Amino acid sequence: MAYDYRVIDVDQHLEHAPKVWAPYVPEEYRSLVTETVWGIGMGHVYDLWINMQAGRCRPMDIRPLAEPPHEISPGAHGDYKDRLREMDLDGISATLLYCGTPVGGELPKIKHTAGREAYLALIRGFNDWLSDFCAPCPERLFGVALIPGTNVDDAIAELRRVRKLPGIKCVVNLGFPSGQGKLTADDDPFWAEALNLGMPITIHGSVNGPWWARGIADWTKREFALWNIGRIDSVTGGPLCAAELIISGLFDRFPELMFSISECGASWVPYFMCNMDHYYYKHRYWGGFTELKHAPSEYIRRGHLQFNTIFDPAAIRLRDEIGLGNINYSSDFPHVASDWPESQKGINAMLDGAPLEVRDAILWKNAARWLHL
């Protein structure tokens, strides 16, 4: 019997301490999980519980701690039953589950400091733990497996492996599959295999650009707070990543390929489409880009990219220009952007006055189509 979905959240995180999945890592590499300081490199923000502030918006709720509160913070401890209770409290039918901020931040460093084999072993260990976490309730918990950014053979091998793991519903790339900092034809065998296996692909923020190159290590508390107060989700690199996917000619080579881009919002998309169409014809020659079969904006109209909104009322008003089928809902729980445990208030405010078919498309139907539910 099919599950009765009402809200599919396409972006939640498991902010558990890495020690919980250390047993899934071969013993020779386990110390990298148990002894490494798995922070986010945001030294000035560390006493703000890094990014785990869902449900704590008042001044008296935000209390400095010596270490991340993995044992008490929502979304950072417990098993699948605890996550289901947190979802039920928030009115969420099902969710994609990404790795936590420290995991995504530290794994690329380990690739450079400990080497390829250690890096791959840790990725496999995390993916195996994620599978066990989601497998007891696969109709509601959709694991997002990590794909290494070393070379295309490694990426394809892990793609094929996680495709067989229970509870894994899609994959996210830790950089482009070939291990390069830009999208090239060397990545094509991975995209082809993902299509062959029917495995959905998501990008969290970006896999290129300043967000990845510069990082946020020297941000202060004020900058981190300002980023969230003045949050235009495109600051995580969504537009730059979307531009590279389109301008590279990827969708001419793979007309059936679709990406979901998390934490980027959507109300910027109409402006982005106009800008791409204008500047592509000005810069594609000296930039060395292959001539596209269509105007850049056409690839968005054709549904190759889905954009995830946390709270973006403007995107709802602009839905006809963005494409109704290109907008998903996400909460980013348990991060500071989340409205948990009152996400329904934000959802209703964002979709105020929208027809039922618009609500259903954004809240669950678009995600269900992308995830092959």
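I will try to describe carefully the structure that is included in this document. Quick caveat: nothing in here was measured; it's all calculated off a predicted structure.

### Digging into the pairing of strand E2 (residues 94-99)
Burial runs high along E2: 6 of the 6 residues are buried. Two strands pair when backbone bridges link them, and strand E1 (residues 8-14) and E2 are joined in this way by 5 bridges, in the parallel orientation. By the bridge assignment for E2, His13 is matched with Tyr98. Judged from the 3 bridges that link them, E2 and strand E3 (residues 141-147) form a sheet pairing that is parallel. Bridge pairing in E3 places Thr95 opposite Leu141.

### Quick notes on the packing of helix H5 (residues 152-163) against helix H6 (residues 188-197)
Between H5 and H6, the least distance of the axes is 9 Å, while the angle of their chain directions is 15°. One way to sum up the angle between H5 and H6 is to call them roughly parallel. Relative to H6, H5 is oriented so that their crossing is right-handed. When H5 is examined against H6, the residues Val152, Ala155, Ile156, Leu159, Arg160 and Arg163 are found in contact with a partner set consisting of Pro189, Phe190, Glu193, Ala194 and Leu197.

### Side note on the environment of Ala157
As for its placement among the helices and strands, Ala157 is situated in helix H5. Taking the C-alpha atoms as reference points, Ala157 and Ile147, separated by 10 residues in sequence, lie 9.2 Å from one another.

### Regarding the environment of Ile8
Considering the arrangement of structural elements, one finds Ile8 in strand E1. Look at Ile8 and you get buried, because its relative accessible area is 0%. With 352 residues separating them along the chain, Ile8 and Asp360 place their C-alpha atoms 10.0 Å apart. Look past the residues within four positions of Ile8 in its chain and what remains in contact with it is Ala94, Phe142, Tyr329, Leu363, Trp364, Ala367, Ala368 and Leu373.

### Focus on empty space enclosed by the protein
Empty space among the atoms becomes apparent when a probe as large as a water molecule is rolled across them. The full count for this structure, using the stated rule, is 1 cavity of 30 Å³ or more. Here the largest cavity is characterised by a volume of approximately 30 Å³. Lining the largest cavity, in full, are Leu14, His16, Val20, Trp21, Gly100, Val103, Phe126 and Trp129.

### Describing the environment of Tyr98
Relative to the helices and strands, Tyr98 resides in strand E2. Taking the C-alpha atoms as reference, Tyr98 lies 4.6 Å from His13; in sequence the two are 85 residues apart. In this structure Tyr98 touches Val10, Asp11, Gln12, His13, Leu14, Val144, Val172, Thr202, His204 and Ser262, once residues within four positions along its chain are discounted.

### Thoughts on the nonpolar core
Judged by nonpolar contacts, the single largest core of 101 residues is most densely connected at Phe259 and Leu305. When residues in this core are grouped by element, the largest group, 11 residues, is from helix H4 (residues 116-134). Not counting residues within four places of it along the chain, the set of residues in contact with Leu305 comprises Ala242, Leu245, Ile246, Phe251, Phe259, Ile261, Ile300 and Asn326.

### Quick notes on the packing of aromatic side chains
Overall, the coordinates contain 13 aromatic pairs when judged by the stated rule. Their ring planes at 75° and their centres at 5.2 Å tell us that Trp191 and Phe259 sit as a pair that is edge-to-face. With Trp191 in helix H6 and Phe259 in strand E6 (residues 259-262), this residue pair connects regions lying 68 residues apart in the sequence. Accessibility expressed as a relative area gives 2% for Trp191, which makes it buried. Assessed through its relative accessible area of 0%, Phe259 is described here as buried. Relative to Tyr281, the ring of Tyr280 lies with its centre 4.9 Å away and its plane at 70°, an arrangement referred to as edge-to-face. Tyr280 gets classed as buried once you look at its relative accessible area, which sits at 6%. You can call Tyr281 partly exposed: its relative accessible area is 45%. Three or more aromatic residues link up through ring pairs in this structure, and these residues are Phe190, Trp191, Phe251, Phe259 and Tyr299.

About the criteria used
Residues numbered from 1 in each chain as written. Predicted model: local features only at pLDDT ≥ 70, side-chain atom pairs only at ≥ 80, totals over all residues. Heavy atoms only, no water. Buried < 20%, exposed > 50% of the residue type's maximum accessible area, 1.4 Å probe, protein only. Helix = DSSP H or I, 4+ residues; strand = E, 2+ residues; numbered from the N terminus. Pairing = 2+ DSSP bridges. Axes fitted to C-alpha atoms, helices over the stretch in contact; angles between N-to-C directions. Parallel < 35°, antiparallel > 145°, perpendicular 65-115°, else oblique. Left-handed = near helix turned anticlockwise from the far one by under 90°. Contact = heavy atoms within 4.5 Å. 1 Å grid on protein atoms, 1.4 Å probe; cavity = no way out; pocket = protein on both sides within 12 Å on 5 of 7 lines; lining within 4 Å. Points joined across faces, edges and corners; volume = space filled by probe spheres on them. Core = buried A, V, L, I, M, F, W, Y, C linked by side-chain atoms within 4.5 Å. Phe/Tyr/Trp six-rings, centres within 6.5 Å; stacked < 30°, edge-to-face > 60°.

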